[in-house]
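Structural overview for review
So the chains spell out like this:
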Number of protein chains: 2
Amino acid sequence: MNNFQVKLAARPKGMVQKSDFSFERNPRPEAGPGQVLVKILYASLDPAMRGWMNEGDTYIPAIRLGDVVRAGIVGKVISSQHPDFPVGTYITGPLGIQEYAVSDGRNITKINPALAPLSNFLGILGIAGLTAYFAFLGVGKPQAGETVVVSGAAGAVGTVVGQLALLKGCRVVGIAGGPDKCAHLVQNLGFDAAIDYKNEDLSARLKETCPQGVDIYFDNVGGEILDTTLLHVNQKARIVACGAISQYNSTQPYGLKNYFVIITKRVRLEGMIVIDYARQYGEGILQMAQWMQEGKLKTYEHIDQGIEGFYETFMRLFTGDKLGKLILQIAEEE
Amino acid sequence: MNNFQVKLAARPKGMVQKSDFSFERNPRPEAGPGQVLVKILYASLDPAMRGWMNEGDTYIPAIRLGDVVRAGIVGKVISSQHPDFPVGTYITGPLGIQEYAVSDGRNITKINPALAPLSNFLGILGIAGLTAYFAFLGVGKPQAGETVVVSGAAGAVGTVVGQLALLKGCRVVGIAGGPDKCAHLVQNLGFDAAIDYKNEDLSARLKETCPQGVDIYFDNVGGEILDTTLLHVNQKARIVACGAISQYNSTQPYGLKNYFVIITKRVRLEGMIVIDYARQYGEGILQMAQWMQEGKLKTYEHIDQGIEGFYETFMRLFTGDKLGKLILQIAEEE
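Heads up: these notes are all about the structure in this document. (Residues numbered from 1 in each chain as written. Chains lettered and ligands numbered in written order. Predicted model: local features only at pLDDT ≥ 70, side-chain atom pairs only at ≥ 80, totals over all residues.)

This part takes up the overall build of chain A. When helices and strands are counted, chain A shows 9 helices and 15 strands. Expected size for 334 residues packed as a compact globule is a radius of gyration near 20 Å; at 20 Å, chain A falls within 12% of this value. Principal axes of the C-alpha set define a box for chain A whose edges measure 60 × 45 × 35 Å. By sequence separation, contacts in chain A at least 24 residues apart represent 64% of the contacts at least 6 residues apart. (Helix = DSSP H or I, 4+ residues; strand = E, 2+ residues; numbered from the N terminus. Rg over C-alpha atoms; globule rule 2.2 N^0.38 Å. Contact = placed C-beta atoms within 7 Å.)

Here the focus is the environment of Glu30 of chain B. Residues and elements named next belong to chain B. You can see Glu30 is positioned in the loop between strand E2 (21-27) and strand E3 (36-44). Owing to 12 C-beta atoms within 10 Å, Glu30 belongs among the exposed residues under this scheme. Put simply, Glu30 and Leu189 are 159 residues apart on the chain and 44 Å apart in space, counted from C-alpha to C-alpha. (Buried ≥ 20, exposed ≤ 12 C-beta atoms within 10 Å, placed from the backbone.)

Residue and element names in this part refer to chain A. Here strand E4 (residues 73-80) runs beside strand E5 (residues 90-93); their pairing, made up of 4 bridges, is antiparallel. Of the residues in E5, the one forming a bridge with Gly75 is Ile91. Examined bridge by bridge, E5 and strand E7 (residues 109-110) share 2 bridges and lie antiparallel to one another. Bridge pairing in E7 links Thr92 to Thr109. (Pairing = 2+ DSSP bridges.)

This next bit is on helix H9 (residues 310-319) of chain B. Residue and element names in this part refer to chain B. Every buried residue of H9 is listed here: Phe310, Thr313, Phe314 and Leu317. Each buried residue of H9 sits inside an arc of 100 degrees when the element is viewed along its axis, so together they form one side. Where H9 ends, the next residue or the one after it, Gly320, has phi of about 80 degrees, a positive value. (Arc of directions from axis to C-beta.)

The next thing to look at is the relation of the copies chain A and chain B. Superposing chain A onto chain B takes a rotation of 180 degrees combined with a translation of 0.0 Å along the rotation axis, leaving an RMSD of 0.0 Å. With respect to symmetry, the two chain copies, as superposed, fit the operation of a two-fold axis. Residues of chain A ranked by C-alpha distance from the rotation axis are headed by Gly255 of chain A, positioned 1.8 Å from it. A shared binding surface is used by both copies, with 100% of the interface residues of chain A retained as interface residues in chain B. (Least-squares fit on C-alpha atoms with pLDDT ≥ 70 in both.)

Okay, helix H2 (residues 127-140) of chain A next. All names here are of chain A. By the criterion of burial, H2 is predominantly enclosed, with 12 of the 14 residues buried. Every buried residue of H2 is accounted for by Ile127, Ala128, Gly129, Leu130, Thr131, Ala132, Tyr133, Phe134, Ala135, Phe136, Val139 and Gly140. In the stretch just after H2, Lys141 is the one whose phi turns positive, near 45 degrees.

This part takes up unusual backbone geometry. Leaving glycine out, the prevailing phi sign among residues is negative, and the prevailing peptide bond configuration is trans. Residue and element names in this part refer to chain A. Here the phi dihedral of Lys141 falls at roughly 45 degrees; this positive angle occurs in a residue that is not glycine. Position of Lys141 relative to the elements: it lies in the loop between H2 and strand E8 (147-151). Backbone geometry at Arg266 places phi at a positive 50 degrees, although glycine is not the residue there. By the secondary structure assignment, Arg266 is in the loop between helix H7 (260-264) and strand E13 (268-271).

Below, the discussion takes up the nonpolar core. Across soluble globular proteins, nonpolar side chains have a tendency to be buried as a group. Counting residues in hydrophobic clusters, the biggest one holds 215 residues, and the most contacted among them are Tyr42 of chain A together with Tyr42 of chain B. Excluding residues within four positions of it along the chain, Tyr42 of chain B makes contact with Ile73, Val74, Leu118, Ser119, Leu122, Ile327, Leu328, Gln329 and Ile330 of chain B. (Core = buried A, V, L, I, M, F, W, Y, C linked by C-beta atoms within 7 Å.)

With that out of the way, let us pick up the interface of chain A and chain B. If you look at the interface, chain A gives 27 residues, while chain B gives 27 residues. Along the lines of polarity and charge, the residues of the side of chain A that touches chain B split into 14 nonpolar, 7 polar and 6 charged. (Nonpolar A, V, L, I, M, F, W, Y, C, P; charged D, E, K, R; others polar.)

The subject of this paragraph is the environment of Ile73 of chain A. All names here are of chain A. Of note, Ile73 is situated in strand E4. Overall, Ile73 belongs to the buried group, with 28 C-beta atoms counted inside 10 Å. Taking the C-alpha atoms as reference, Ile73 lies 17 Å from Leu8; in sequence the two are 65 residues apart. Not counting residues up to four positions away in its chain, the partners in contact with Ile73 are Ile40, Tyr42, Ala43, Ser44, Thr92, Gly93 and Leu95.

Structure, rendered in C-alpha cells:
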C-alpha cells in the first residue's frame, strides 16, 4: 500500500511556493515492536509551520530538508504493537502531512472522541485553542470590564481569545481582514465590535470602538497592526505576543516604531509559546469542552479535503481566504 | 533680590538647541501663607527631561512653553510659613532650573542630610537610584547566577543597576560608550565585563561576554542596541524597558526589527516609570543608604557649577561626555 507524503523540498524565500514542497507516493510503513501505525484523518495547518520551514531552530527544531512537513494531526491507530494504544484508539500528535505514520507512542496523545468532533482536537481543543486559553488567561490576566483587542480575530486562536474575553466580562474588539469576517465576529461570536483592517482606518476605528482605551492587546499578527495598536493602550496594558503572521513570509522585517509607549505606559509585552504549558493541556481541554457543551464557546472550522491540495490550502493562511481554524482532511472517518 | 531662571522658550525639534531655552533674571519670589521659599542648591539633569519638552503629555504633563524647565532639585528652606518645613530644612522636589522657588509643601519631601552628601539625593538616593532599585529588583527579578546586561551602564541608573546585580550574585556586563567608561565599570564598580558600543562589535562582544546568554537586559537606551541585544537573550528573559535615550532627540524613531524573538523566546518586556513606586521611596532610600554605608554600593557624580551653563551641561547627557550622575550645582552649600 502507498503512503502519500508532502515533504519540504526547499526552504521558502519570502512567500512559500509550491516548488518548496515535494509530493511523493512512497511505500506505507509498518509498525515494528513497540510501535503503532496511525492512519491520519485530519491535519492542522498553522502559521507556526511557516517558521519551522526556515533554516535555524527556534523553540523547536526546523523541519529538515527532505522531511515530511511537520503538522499536528488527528488519526486512528490501525495496527499496534504498543500496549497503551490498541487498534481503534484516536490520537493526536505532530505526525505531519502524510497518509500514514508510525509512532513509538512518545509523540502522540490519546483523545476522547466523545468530548467533541475529531477535527475540534486540532482547533479549539488543540494547539490553537490551548494557545488562546493559556496565553489569554495566563499572560493577559483579564479583569471584568477591561477592553480587549485581538488581531487575527477570525482565526483559530483569535476566535477563542475573543470568546474567552466575553466569558470573562470584557469588552471585545476584533481586528480581521474583510467585511465578511468582521460580520462573523459580531453576529456569530458576539464580539462588541470588529475592525476591518483592510478597508478601514485602524487607528480611527480603535479610538471609536475602544473609548476607554485598550487594556489587553492579544497580538497574532505583529508588524504595523501591533505598532498602531500600541498608540491606543492604557497604562499597565498587557500585550500578549502570540504570533506575527504579517511577518512570517517577509524577508524585510517590519520595524516597530512605537516602542516608546511601552515605557511611558508601563506596558508588559510578553511572548508565549503553548508548549510551555504542555503539562496543563488536559485541564485546558476539559475546561473548554465543558464551555462548548454549555454553549459558551463556539468553533468554526474551514476544512479542505485531499492531501494533494496541501499547498493551496496552506496558502489560505496567508491570503486570509478562510474562516476559523484551517484543517486539511486527509482521509474519511470510518 | 534676583532669581535666575531657565525657561522653555521653544519645543526642540530633534536635538535640543540653546535657543530652545530662555535665560532670565526675574525678581525673587516670597513665601506667602502656608508656603516656603527654597534656595536651590543642586539640580538633577536627566534624560527624561528631554521627553517633557515635547508637545503632548506622557506619564506627567509636558513642560509648558514659558515655564521654568522642570528638574528634580535639592534645596534648603530659607523662609517658611509652613509648619512642616521650618527654616533650615533640606528638601527635594521637582522645583526646576532656577535659583529660588516657592512651594506649598505638596511637591517637596524632607531629606536627611546625615544619610549621605546632599547631591546623592539627586542620584543614587534620588530618582535615578530609585529607578534602578525598583525597576531592576521589582521588574527584572534577578536570581543569583543569572547574566545581566545593562545599557547606559555608566549613567546614573546603569551604575546602580550593575551594582545591585552584583549584590544579587549575578554576572554583570555593561554597555557604555568609550574605553574610559568601560574601564571605570570594570575597575571601579566591579562589573564582570564592559562593552564599548562605539568602538566594538556589540553582537560579537555580547556573545563573548555572555557565554550563557542574557537573562535580564536592563535597557536605558532603546534603538539599535536593544534590537541587537534581543538576539542574545535566553528563553524567559526579562527586558526592563527603562529608557530610550538613543531615541529622545530623534525625529525618525528607530524601527525595532527583532521583535520576533519576544515570541520565540517567551520574553517579558516591561516598561517602568519610577513614580509608580512613590509610596515605597523611603524604604528604597534607606536600603540603599545602608548598602552605601556598608561599602556595597558606590556612586559617581559629574557636577558642573553654575546655572548659566545649564544648556552646556544638559547636552552632556546626549554627547555622553560625563561619568555617573549628571548634576548642576546652582548654589554653594552653606
